[in-house]
Amino acid sequence: MSEFAELKFRDKVYQLPVVIGTENEIAVDISKLRAQSGLITLDDGYGNTGSCISEITYIDGDKGILRYRGYPIEELAEKSSFVETAYMVMLGELPTNSQLAEFRAKLAEHEFLHESLRHHFEGFSSDAHPMAILSAMINAMGCFQPAMIEPEDDDHFLDSAARLISKVRTIAAAAYKQSIGHPMIYPRSDLPYTSNFLHMMFSKPNNRYEPTPEVVKALNQFLILHADHEQNCSTSTVRMVGSSQANLYASISSGVCALWGHLHGGANQAVIQMLLEIHESGMSVDQFIEKVKNKDANMRLMGFGHRVYKNYDPRARYLKSACDSVLQNLGVKSPLLDIARELEERALNDSYFVERKLYPNVDFYSGIILRAIGIPLNMFTVMFAIGRIPGWIAHWRENHLNPNGRIHRPRQVYNGQTVRSYIPMEER
Ligand code: ACO
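None of the values given here were measured: they were computed from a predicted structure.

Enquirer: Sorry, what's going on with the overall build of the protein here?
Expert: Summing up its helical and strand segments, the protein has 18 helices and 6 strands in all. Compactness check: the protein gives a C-alpha radius of gyration of 23 Å against a globular reference of 22 Å for 428 residues, within 12% of the reference. In terms of overall dimensions, the protein has a C-alpha envelope of 80 × 65 × 55 Å along the principal axes. Evaluated residue by residue, the protein yields a buried proportion of 48% over its 428 residues.

What follows is the structure in structure tokens.
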């Protein structure tokens, strides 16, 4: 039986349909509210707005639960590979052996860049941020596959998705090589996805880099844990841009830009900068916590807090324990990890953080792992983007295939000047 919520406004009662998700999430459908009552809803920053109905990722922010297509992320991080998880996030089901082999073959087929695309790198300044390069290059990729992809067709869709997932890895590594003035290293089709990326990042023409299994595992887990996170800022951007029927590349290129900001994916870089600052300045953790709590200082404890999680971010919980084993396996000592642990302990026992339900988010520990495996600081957010590509693709497609889909176009409450007459220049 359909359920309704009632809204009373100026002597009239409006019935609003209630929508219930498979995990019992309850929403009031206000799509007809303005037509019926003249009212719109106002929700700065969309903190309480459901922008779509989605089948991809489930989060329970109070309990600290995250699942892709029903699979708990902890189980995927333990048992799956990034390539398998990417396939499942995009297509909804785990691949069979032959489907996975076919997908891997497609990734290998698309790992090279068109020579003209490769020449784009020469146009960037050597100190360009790799996120700027990544966004520009993904958009440019659309020029090399101008025919709009047909997301309705699974094979065609998978081919375009593989092209993006594969080339993004090549572009990211090439952007890094460009930034340090080294020649680009060509991909190797014999290597699995993650090892191939590490090879392009760290091999030199005269010296082949062989990653240890621990490094490959740690990077796989990092990418799996970043594969999707429902309607966050960058994914909403991808869906918003895609809603105008913009192509996959243009939409994902916008998502990269949204991710770059330090309140979103850029936080993983900001966390390490914060830990380094504490370490190098000799400031105590207590002093730093006091600074963060002082609103006049306009500082945040980076890697803490989340719009949805009012509990420990399950990705942070996983990465925190992964930090120990990765550092131990690699024989790396990290004073930054000690500082991070101390910061966490102090914050979780401080009423400022407790009252606001601020816990470590995914970015708090991820940077320590990336640093331990040799990823340079300005590449951290690029690593996040590589992981998030499957999620963005899945959301772009879900949006595109939605029979009720419309261009995303929120409203506003206008609070500016009321009508006035133009004043000629000489009278101003
Ligand atoms: N350090 C100190 N205070 C904080 C922090 C923090 N990291 N995060 C939130 N607060 C405080 C705010 O100042 C505010 O306090 P007030 O009520 O006294 O004004 C209160 O907690 C609520 O904060 P909002 O900004 O309203 O929370 P919002 O949901 O808008 O922001 C965000 C979430 C952006 C993640 C925020 O917690 C933050 O800036 N964290 C640091 C940056 C970060 O780690 N970002 C990565 C997020 S995960 C991701 O995108 C992958």
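Enquirer: Honestly, the site of the ligand in this entry has me stumped. Any pointers?
Expert: Near the ligand lie 20 residues; those nearest to it are Lys295, Arg300, Leu301, Arg307 and Tyr352. Between the ligand and lysine 295, the relevant distance is 2.8 Å, taken from an oxygen atom to a side-chain nitrogen or oxygen of the residue. Here a nitrogen atom of the ligand and a backbone polar atom of phenylalanine 304 are 2.9 Å apart. Look at the ligand: alone it shows 920 Å² of surface, and the protein chains cover 75% of it.

Enquirer: For this particular structure, what's the right way to read the sheet that holds strand S1 (residues 4-9)?
Expert: Adjacent strands of a sheet pair through backbone hydrogen bonds, lying either parallel or antiparallel. Spatially, S1-S2-S3 is the arrangement adopted by the 3 strands of the open sheet, whose pairing is antiparallel. One side of each edge strand has no neighbouring strand; the edge strands of this open sheet are S1 and strand S3 (26-28). Each adjacent strand pair in this sheet contributes to an overall mean axis angle of 30°, direction not counted. The pairing of S1 with strand S2 (residues 12-20) spans 6 bridges and is classified as antiparallel.

Enquirer: Just to check I follow, could you spell out the packing of aromatic side chains for this structure?
Expert: Given two aromatic rings, one states the distance between the centres and the angle between the planes to describe the pair. By the definition in use, this model includes 10 aromatic pairs. Both rings, one in phenylalanine 112 and one in tyrosine 186, keep their centres 5.9 Å apart while their planes meet at 45°; by these two values the pair is tilted. On the criterion of sequence distance, the pair formed by phenylalanine 112 in the loop between helix H4 (97-109) and helix H5 (115-119) and tyrosine 186 in the loop between helix H7 (154-179) and helix H8 (193-202) is long-range, its members being 74 residues apart. A relative accessible area of 40% means that phenylalanine 112 is categorised as partly exposed. Taking 5.0 Å as the distance between ring centres and 85° as the angle between the ring planes, the aromatic pair formed by phenylalanine 364 and tyrosine 365 counts as edge-to-face. Residue phenylalanine 364 is classed as buried on the basis of its relative accessible area of 0%. The rings of Phe304, Tyr352, Phe353, Phe364 and Tyr365 are connected pair by pair, giving a single aromatic cluster. When the ring centre of tyrosine 352 is taken as reference, the NZ or CZ atom of arginine 356 above it lies at 3.9 Å.

About the criteria used
Residues numbered from 1 in each chain as written. Predicted model: local features only at pLDDT ≥ 70, side-chain atom pairs only at ≥ 80, totals over all residues. Heavy atoms only, no water. Helix = DSSP H or I, 4+ residues; strand = E, 2+ residues; numbered from the N terminus. Rg over C-alpha atoms; globule rule 2.2 N^0.38 Å. Buried < 20%, exposed > 50% of the residue type's maximum accessible area, 1.4 Å probe, protein only. Near = heavy atom within 4 Å. Polar contact = N/O pair within 3.5 Å; in protein donor to acceptor, adjacent residues only side chain to side chain. Areas by Shrake-Rupley, 256 points an atom, 1.4 Å probe, with all protein chains shown as cover. Pairing = 2+ DSSP bridges. Axes fitted to C-alpha atoms, helices over the stretch in contact; angles between N-to-C directions. Phe/Tyr/Trp six-rings, centres within 6.5 Å; stacked < 30°, edge-to-face > 60°. Lys NZ or Arg CZ within 6 Å of the ring centre and 35° of its normal.

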